[in-house]
Structures are given as structure tokens and as C-alpha cells.
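Observations on the three-dimensional arrangement
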Amino acid sequence: MTSTLFTLSSRQIWPQVLSTLKFRPSRLVLFHTDEKEESFYPSERLKTFLESSPAFQPILVELRRISHDDFSGIIDALSDAADAWTLDGTNCRVNLTGGNKLMAMAAAEWCRLNSTPCFYLERNRRLIHFESENYNFKPGIRTEEIHIQLAHDLEPLGLLRCQLSDAEVVHAGERLTLRENGRNLHDNDIRRLLPQSIGKDYLKFLNCEEMGPRVPENVGDGLEYATALILLRLGVPMVQRGIHLRPKSSMNSPRNEGELDLVFNWKAKLWTVDCKDRLSAESRIEKLRNKLLSSLQLSPTVKEDLDKLEEELRAKDLHPLKEDLLSISEVGGLLGKVVCVRREKLPDQAVDYARSRRIEVVLKDQLIPSLKRLLEAN
């Protein structure tokens, strides 16, 4: 067991979370710079999360300031902290993953001079260990993979709050888990319910813990509950539904920034799912066209007007859709996953936009196999 873990704070929380779960230090020292958005605020949020989460207890989290551009100053800051708690290579370890490159280089140099082990965590959860002996640095002496099950039971709401930088949770929504009768469902039972997507049809299979005032029912609730039910049956331990956010810059404003339909933690990634169960512009106009054709003969002018209206509606739908995709893509961080669930195929422009931001698009009629594929792939 590592008694004290030194780590360099940054916006990305998973290198800190996974390494803390791996080494189980009794004390975590988060070195942060004066850059508020990139380092100081993230370190404060991480401290709150770690100290409030049962998975990390018992732990003491200390915040200490460090330079971002002074090589000698970084080494001195690490030395001061080590002296304060009488730390050396026997009871201290350093995480080089966060901070900028200069900070990582200086931290590695401090480890070399003080014979203190250190490590770097790759995005694929591969942990690369380094050691120093007689002032000689031994790079990459061994590697191992941090098992994803370490983070299996971490609450998605806590991870989300830790990850958010420009927004704040103002309503935590519902915490969904699977009832025993939900475990015994067959996929075909869910498929029969999907065309209707009525919320009450799924609630009998779910435990719903309200995390705030009850939110009025919406037309799209059914698809959200259906998606959550499928995710839970596929092994996701819990899903947070209906999280309302507000910009931190306007905390006195009653206006919410938006809503995250579903958020969950799966295989050491924070996942966000956006569900919309509505007809496309093409489908709405096609329904109108068929109704008109059933009662009268359309003139070329009316047909042309319908085509123009369809194009206008498509353009009108595209702009908020892109904004929606952009906002959810920024929630999970570098290692986050975003899934967009829709009743019908997205317009080509929206598909290209989603692909450019690594957003997975799933259609309602393929919900079960598509979600299974995504969860198993990750």
C-alpha cells in the first residue's frame, strides 16, 4: 500500500481516480497551479468527490500550489511537501499523468533525485512504472493494466460533478437501478414495449430514487426509461436520469443550461446518452402529404410548397440538433463516451457532425443490439 500519493492536477479526472483506486493511499496530495479552470478548480472538485465517495475511504486529500513553468520551483514544491510529512521512496509514490509536460519532467527529476517510484497512466489504462536507484532513472521497468472493475461502483453523479467545469448540477434527477423482475425480462418483452415507449411500462422493472423535486412527465420519458432498462440489464450498475445543468456564470438565473437524459459509469468511462423520440422533418411532412392526398388532388404548386416546407423544417431542426450534440460531447472529458438515441435516422449533416465528435448514433428499433455492441466494445 502507498502511504502518500503525489499527483499533478488537471481537468481530466480519470488518471487521478483510477490511480487512487489502484494504490489506495491514506493521503493524496493534489498539486495544482494558479490556472483556475485547468488546475485549481478541478483539484477542488476532485477533493470533494474523493472525500465524499465511500470507495476511497479512508483518505485525506491535501491541496498544494505548484508552478506550471518553473522547473526548479516544481522540484522545490515536491521537496517541501515530502519534508512536511517525512516522505521518501518507501512511503511515497508520484503520478506523472496530469499537469503539463514541464511539470511531468520536473516531477520525474525529483523522483530520480529522491529515489521515489513514479508512474504514468496511458489512456488504455496501461500503467507504466518507473523507479530510481543511486540517482539512475529506470524507465518503464514494468507495465500493468488497471482493471476496469476497480471503478465499477463509482456513482455517475459524483463523477459528473467532478468533471463539469462550466456548468453546475441544479437538479440531480433520478437514480435508476434494476429490480429483480427486470433481470428476468427477455429481450423480446422489451421489443414489444418499444414502439409505444410509455414511461409507466418500464417503471415496474426499475428502482427509481428521486434526488430532488419530482419533474413533470414528458413525452420522451418512455425512451429514456427503455434505454436505462436495457443498459442495466446489460450490466451497468446504475443510471442517473434527468440531470439539469445551469451555467456557473449565471447561478442567480432561473434558466437551466440543459438536461442530460442519462449518465452512467461503465468500464472506467463516464457515458452520456441523449434520447429523442420524435419524428424527423421528412416524416412529419410525409404524414401531412399523405393526409392531403387522401382527401384531394395536390396541384404542382402545393407539392412544391410542401417540399420547401420540408427543407425549412430540416434546416430548422439541424441547428439545435448540432448544439445538442456539441453540449453532450463535452460532458465526459477525454475518456467520455456519448450515445445519441433517436427514433429515426439523423440528417446526413448531423451524422457527419456526430462522427466528427465521436458520438455514437443508435436508432430506436436497433436499441438492444446497438447498446450491447457499444458496451462490449468498450
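Above this text is the structure in question.
The present account deals with the structure reproduced in this document. Computed from a prediction, not measured in an experiment: that's the story for all the values here.

This brings us to the overall build of the protein chain. Each helix and strand counted, the protein chain has 13 helices and 15 strands in total. Expressed as a percentage of the 378 residues in the protein chain, the buried residues total 47%. For the protein chain, the proportion of contacts with a sequence separation of at least 24, taken over those separated by at least 6, is 66%. When the accessible surface of the protein chain is split by element, carbon and sulfur atoms take 49% of a total near 18,800 Å².

The next subject is the packing of aromatic side chains. What the rule picks out here adds up to seven aromatic pairs. Look at Phe40 and Tyr41: their rings are 5.8 Å apart centre to centre, the planes differ by 45°, and that puts the pair in the tilted class. Aromatic pair Phe264 and Trp271: ring centres 5.3 Å apart, planes at 20°, arrangement stacked. Members of the aromatic cluster, connected to one another through ring pairs, are Phe6, Phe31 and Trp110. Its end group placed over the ring of Tyr225, Arg241 keeps NZ or CZ at 4.2 Å from the ring centre.

If you trace the seven strands from one edge of the open sheet to the other, you get 3-2-1-4-5-6-7, paired in mixed fashion. At either end of the open sheet lies a strand with only one pairing partner, and these are strand 3 (60-65) and strand 7 (136-145). On average, each strand axis in the sheet is inclined to that of its neighbour by 25°, with strand direction left out of account. Pairing geometry for strand 5 (residues 118-121) and strand 6 (residues 126-133), over four bridges, is antiparallel.

What follows is about the pairing of strand 2 (residues 27-32). Each regular strand carries side chains that alternate between the two faces of the sheet. Burial analysis of strand 2 places six of its six residues in the buried class, the great majority of the element. A two-sided burial pattern is seen for strand 2, the buried positions comprising Arg27, Val29 and Phe31 on one face and Leu28, Leu30 and His32 on the other. Across five bridges, strand 1 (residues 4-8) lies against strand 2 in parallel orientation. From the neighbouring strand, Leu5 faces strand 2, where its bridge partner is Leu28. Handedness of the crossover joining strand 1 and strand 2 through helix 1 (residues 14-23) is recorded here as right-handed.

The biggest cluster of nonpolar side chains holds 36 residues, and the ones touching the most others in it are Trp14, Val17, Phe49 and Leu154. A per-element tally of this core places helix 1 first, with five residues. Residues contacting Phe49, with those up to four places away along its chain left out, are Val17, Phe56, Leu154, Gly158, Leu159 and Cys162. Core analysis: the next-biggest nonpolar cluster, separate from the first, contains 32 residues, Leu176, Leu185, Val239 and Val362 among them.

Among the ten residues of helix 1, nine are classified as buried, and the element is accordingly described as predominantly covered. Looking at helix 1, one finds that the buried residues are Trp14, Pro15, Gln16, Val17, Leu18, Ser19, Thr20, Leu21 and Phe23. Positive phi shows up at Arg24, right after helix 1, with a value of about 50°.

Now for the pairing of strand 9 (residues 174-178). Where burial is concerned, most of strand 9 is hidden: four out of the five residues are buried. Pairing of strand 9 with strand 11 (residues 239-247) involves three bridges; the strand directions are antiparallel. Within strand 11, the position partnered with Glu174 by the bridge is Arg241.

Here we take up the environment of Leu46. Turning to its location among the elements, Leu46 is positioned in helix 2 (residues 36-52). Here Leu46 is in contact with Gln16, Val17, Leu30 and Cys162, once residues within four sequence places are set aside.

Taken as a whole and judged by the stated rule, the model has zero disulfides. Sulfur of Cys275: no disulfide; nearest cysteine sulfur belongs to Cys340 and is 8.5 Å away.

This paragraph deals with the side chain of His32. Looking at the secondary structure, you find His32 in strand 2. In this structure His32 comes out as buried when scored by relative accessible area, which is 8%.

As a packed pair, helix 9 (residues 221-233) and helix 13 (residues 367-377) sit with axes 10 Å apart at the nearest point and diverge in direction by 50°. With respect to their mutual orientation, helix 9 and helix 13 come out oblique. Note on packing geometry: the crossing formed by helix 9 with helix 13 is right-handed. Counting all contacts with helix 9, which are made through Leu223, Thr227, Ile230 and Leu231, the residues of helix 13 involved are Leu367, Ile368, Leu371 and Leu375. Partitioned by chemical class, the residues of the contact of helix 9 with helix 13 number seven nonpolar, one polar and no charged.

Conventions we followed
Residues numbered from 1 in each chain as written. Predicted model: local features only at pLDDT ≥ 70, side-chain atom pairs only at ≥ 80, totals over all residues. Heavy atoms only, no water. Helix = DSSP H or I, 4+ residues; strand = E, 2+ residues; numbered from the N terminus. Buried < 20%, exposed > 50% of the residue type's maximum accessible area, 1.4 Å probe, protein only. Contact = heavy atoms within 4.5 Å. Areas by Shrake-Rupley, 256 points an atom, 1.4 Å probe, with all protein chains shown as cover. Phe/Tyr/Trp six-rings, centres within 6.5 Å; stacked < 30°, edge-to-face > 60°. Lys NZ or Arg CZ within 6 Å of the ring centre and 35° of its normal. Pairing = 2+ DSSP bridges. Axes fitted to C-alpha atoms, helices over the stretch in contact; angles between N-to-C directions. Right-handed = clockwise from strand over helix to strand, strands pointing away. Core = buried A, V, L, I, M, F, W, Y, C linked by side-chain atoms within 4.5 Å. Disulfide = S-S within 2.5 Å. Parallel < 35°, antiparallel > 145°, perpendicular 65-115°, else oblique. Left-handed = near helix turned anticlockwise from the far one by under 90°. Nonpolar A, V, L, I, M, F, W, Y, C, P; charged D, E, K, R; others polar.

Read these as spatial facts, not as claims about activity.
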